[in-house]
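Commentary on secondary and tertiary structure
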Amino acid sequence: MAFPPSISLPSDPFALKLLPLSRISVPAQITAKIELTQLISLRRSKCSSLKASMGSPGFTQQLNNSKLESLAEVKDGRDDIFNDLKDRFLSFKKDVYMKNPELSESLAKVQVPKFMVIACADSRVCPSSILGFQPGEAFTIRNIANLVPTFESGPTEVNAALEFAVNTLLVENILVIGHSCCGGIRALMGMEDDGTTGFIKSWVVNAKNAKVKTKAVASTLDFDSQCKHCEKVSINHTLVNLLSYPWIKEKVEKEELSIHGGYYDFTDCSFEKWTLDYRGTELEENGRIATKDEVFWS
């Protein structure tokens, strides 16, 4: 069909959608055909854009390959970690387990540790690495800031371990090991009485007396120094908390059990050890804590 002479069409067919149709005087049939042409053009354009955004089959395959490579790298990383643990385990088996079969045979039947160790869960302060405990030598429990709740606080995994170690294994020594840069103590010292709760806050509050004593004697020090002071004060308060357990106190009184504190400073690799002087310690709240047999290893 030929357009009337009065209509001038642009040379670019896509420019039709820019024409102000309301200003063109053309028959209704021609207007409808132009609008239909515009609609088809727009639909084709949208389909082309959608296909471009989806990418070609080759591009999609490349993307899938990249994802698989990334997953493979993560898996290789995990495998490397556990391959390292495997090597360590086999070294332990060769150098420790197989070299002393009598000990391994004995430990398979019963454990008779001389120590119960209460240490922090911090990955930098493993008691067996620091003090060289061998299998069967130390019954160990680790938690945030090496704390022991009082007997009156109710059951926890800590006092369950204490009961087993003292009454069943009959350990002769309880050693509480604190350390430098303790995150639990920093949380305690920075804690505000704002009514908020949380697992960490609810746990470290067991050392609130150590915080009170630290604030009383070290309030003029900077925060880091206060934390370092509290790390050691908290150990002594934990030793006193141990005496709130009737069966621990009884054994200490009979000198069947000794309670010790230890402090590992990993900034200079030094270790302090002391023993609670039961006779000189005042057990009431904020009472005097006496120690003896202090030693320093560096």
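The structure we're discussing is the one just above.
Residues numbered from 1 in each chain as written. Predicted model: local features only at pLDDT ≥ 70, side-chain atom pairs only at ≥ 80, totals over all residues. Heavy atoms only, no water.

Bringing the nonpolar core into the picture now. If you look at the biggest cluster of nonpolar residues, it comprises 51 residues, and the most contacted ones within it are M116, I118, L162, I174, L242, I248 and I259. For this core, the leading source of residues is helix α9 (residues 223-242), giving 6 residues. Contacts of I248, omitting those with residues within four sequence positions, involve L162, V166, I174, L242, L257 and I259. (Core = buried A, V, L, I, M, F, W, Y, C linked by side-chain atoms within 4.5 Å. Buried < 20%, exposed > 50% of the residue type's maximum accessible area, 1.4 Å probe, protein only. Helix = DSSP H or I, 4+ residues; strand = E, 2+ residues; numbered from the N terminus. Contact = heavy atoms within 4.5 Å.)

Here the focus is the pattern of salt bridges. Throughout the structure, instances matching the rule amount to 8 salt bridges. A salt bridge links D224 to R186; its shortest N-O distance comes to 2.8 Å. Of this pair, D224 sits in helix α9 while R186 is found in helix α6 (residues 183-190), placing the two residues 38 residues apart along the sequence. (Salt bridge = Lys/Arg side-chain N within 4 Å of Asp/Glu carboxyl O.)

Our next topic: α9. For α9, built from 20 residues, the straight-helix expectation of 28 Å at 1.5 Å per residue is met to within 8% by its first-to-last C-alpha distance of 28 Å. With 14 of 20 residues buried, α9 lies mostly within the body of the structure. Measuring from the backbone nitrogen of D224 back to the side-chain oxygen at the start of α9 gives 3.1 Å, which picks out D222 as the cap. (Expected span 1.5 Å × (residues − 1). Polar contact = N/O pair within 3.5 Å; in protein donor to acceptor, adjacent residues only side chain to side chain.)

Here we take up the sheet that holds strand β1 (residues 115-120). Within a sheet, neighbouring strands are paired by backbone hydrogen bonds and run either parallel or antiparallel to one another. Taken together, the 6 strands give an open sheet; going across it, the order is β2-β1-β3-β4-β5-β6, and neighbouring strands pair in mixed fashion. Of all strands in the sheet, those bounded by a partner on one side alone are β2 (138-143) and β6 (291-297). Strand-to-strand twist of the sheet, defined as the mean angle between neighbouring strand axes without regard to direction, takes the value 20°. Sheet analysis places β1 next to strand β3 (residues 173-179), joined by 5 bridges and oriented parallel. Across the sheet, residue F115 finds its bridge partner in β3, namely N173. Of the strands in this sheet, β1, β2 and β3 touch helix α5 (residues 157-168), which is tilted by about 170° from β2. (Pairing = 2+ DSSP bridges. Axes fitted to C-alpha atoms, helices over the stretch in contact; angles between N-to-C directions.)

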